[in-house]
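Per-entry structural report
Below are the chains, spelled out letter by letter.
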Amino acid sequence: MRRKIIAMLLCACMAVVLMPTGFAFANSVTAGAFTVTSDSTLAEGTDYSYSDGTLTILSDKAVTIANTNPEATGDSIAVADGVNANITLAGVNISTAWYVAAFRIADNSTGNVTITLADGTTNTLRSGNNCAGLQKNGVTSPGTLTITGTGALTVQGGYGAAGIGGGRGSATANIEIEGGTIISTAGRDGAGIGSGMGTWDTVSNIKITGGTVTASGAELMSVGVGLTLTEKEMDQ
């Protein structure tokens, strides 16, 4: 019995020695419909929270998020105000109910949010009415949303909202796409990437510097990238 225990300990030591340089034990947690992993220890209430169907990122720690079950979930992802989040999407499939954004950055957040699309993964963000698929409301000193990586992302805004950018009645600013295969479609009267319907604010600083991007408005006065008309203008 003693020899057996010693042999098992030797095998475990050899496995550690043979691990590639730079290998780190990732911490993994389940939060609602999502599996969240990181090379750092994740503390609930400090780095993330989960409540009422929303996984909220609370710290700057780099995390990878994937659906635990590949089928679409009604759970959503949010980034708290002021957080410089570094999030890798690695097989997220979200389809939310009315008035819920699939992925939401806090309104007018000063935090810089980087979303990396993991290589070989397909990610889907579909929002309910009035919400952008990937929502970033605000033009008053907002941080920057950067989308990069080599994976795929399909985004669908709800009625009156952009695919990526503002929800209904909101404009957006500071969005840069550096990589990935992205299809972003607005809900009715929103922009594919830009503002939602019914805002007087100006969309600014949207840059596409890489990747393959298809941005489409939906019906009436919507556009692929930029600012839609206000509800008042459409009534004239």
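Below is a short write-up of the structure. Bear in mind that the values here come from a model prediction, so they are computed numbers and not experimental data. (Residues numbered from 1 in each chain as written. Predicted model: local features only at pLDDT ≥ 70, side-chain atom pairs only at ≥ 80, totals over all residues. Heavy atoms only, no water.)

1. Thoughts on the overall build of the protein
Note the following rule: Elements are defined by DSSP. Helices are runs of H or I of four residues or more, strands are runs of E of two residues or more, and each kind is numbered from the N terminus. Throughout this description, buried means an accessible area under 20% of the type-specific maximum (1.4 Å probe, protein chains only), exposed means over 50%, and partly exposed covers the range between. Whether two residues are in contact is decided by their heavy atoms: any pair within 4.5 Å suffices. Using a 1.4 Å probe, the Shrake-Rupley method yields the accessible areas, and only the shown protein chains count as cover for residues.
Looking only at helices and strands, the protein features 2 helices and 21 strands. When the 236 residues of the protein are sorted by exposure, 46% land in the buried category. When contacts within the protein are restricted to residue pairs at least 6 apart in sequence, those whose partners lie at least 24 apart make up 73%. Working note: accessible area of the protein is about 11,200 Å², and carbon and sulfur atoms make up 52% of it.

2. Topic: the pairing of strand 13 (residues 145-149)
The test is simple: Pairing between strands is defined by DSSP: at least two bridges between the two strands are required.
The element strand 13 is largely enclosed, with a buried count of 4 among its 5 residues. The pairing of strand 10 (residues 113-117) with strand 13 spans 5 bridges and is classified as parallel. Residue pairing for strand 13: Leu117 is matched across the bridge by Gly149. Taken together, the 3 bridges between strand 13 and strand 16 (residues 173-177) define a ladder with parallel strand orientation.

3. Topic: the packing of aromatic side chains
Convention followed: Stacked, tilted and edge-to-face pairs are distinguished by plane angle, under 30 degrees for stacked and over 60 for edge-to-face with tilted covering the rest, among Phe, Tyr and Trp rings (Trp via its six-membered ring) whose centres lie within 6.5 Å.
Tallied over the entire structure, the rule returns 1 aromatic pair. Arranged with centres 5.8 Å apart and planes meeting at 80°, the rings of Trp98 and Tyr99 form a pair that is edge-to-face. Each member of the pair, Trp98 together with Tyr99, is exposed.

4. Considerations on the environment of Ala118
Mapped onto the fold, Ala118 is located in the loop between strand 10 and strand 11 (122-126). C-alpha separation for the pair Ala118 and Thr64, spaced 54 residues apart in sequence, amounts to 8.8 Å. Beyond its immediate chain neighbours, meaning those up to four positions away, Ala118 contacts Thr88, Leu89, Ala90 and Gly151.

5. Comments concerning the side chain of Gln135
Looking at where Gln135 falls in the secondary structure, it is placed in strand 12 (residues 134-136). Leaving out residues up to four positions away in the same chain, Gln135 has contacts with Ala101, Phe103, Arg104, Ile105, Asn130, Gly165 and Gly167.

6. As for the sheet that holds strand 7 (residues 86-89)
The condition that has to hold: In this description, a line fitted to the C-alpha atoms serves as the axis of each element, helices being fitted only across the stretch in contact, and the angle between N-to-C directions of two axes falls anywhere from 0 to 180 degrees.
Taken in spatial order, the 8 strands make up an open sheet running 1-2-5-7-10-13-16-19, and their pairing is mixed. Taken across any chain shown, the strands that pair with only one partner, and hence form the sheet edges, are strand 1 (27-31) and strand 19 (204-208). Going from strand to strand, the sheet's axes swing by 20° on average, the running direction of each strand aside.

7. Quick word on the nonpolar core
In globular proteins that are soluble, nonpolar side chains generally tend to be buried together. Keep this limit in mind: Put simply, a nonpolar core is a bunch of buried Ala, Val, Leu, Ile, Met, Phe, Trp, Tyr and Cys residues held in one set by side-chain atoms that sit within 4.5 Å of each other.
If you look at the biggest cluster of nonpolar residues, it comprises 36 residues, and the most contacted ones within it are Ile65, Ile87, Leu89, Phe103, Leu134, Leu145 and Ile164. If one sorts the elements of this core by residue count, strand 10 sits on top with 3 residues. Those residues in contact with Phe103, other than ones at most four positions away along the chain, are Ile77, Val79, Ile87, Leu89, Ile115, Leu125, Gly133, Leu134 and Gln135.

8. With respect to the pattern of salt bridges
We count it as follows: In what follows, salt bridge is the name for a side-chain nitrogen of Lys or Arg lying within 4 Å of a carboxyl oxygen of Asp or Glu.
Using the criterion set out here, one finds 2 salt bridges in the structure. A salt bridge links Asp189 to Arg188, with the nearest nitrogen and oxygen atoms 3.6 Å apart. Relative accessible area serves as the criterion here: at 3%, Asp189 is assigned to the buried category. For Arg188, a relative accessible area of 33% translates into the label partly exposed.

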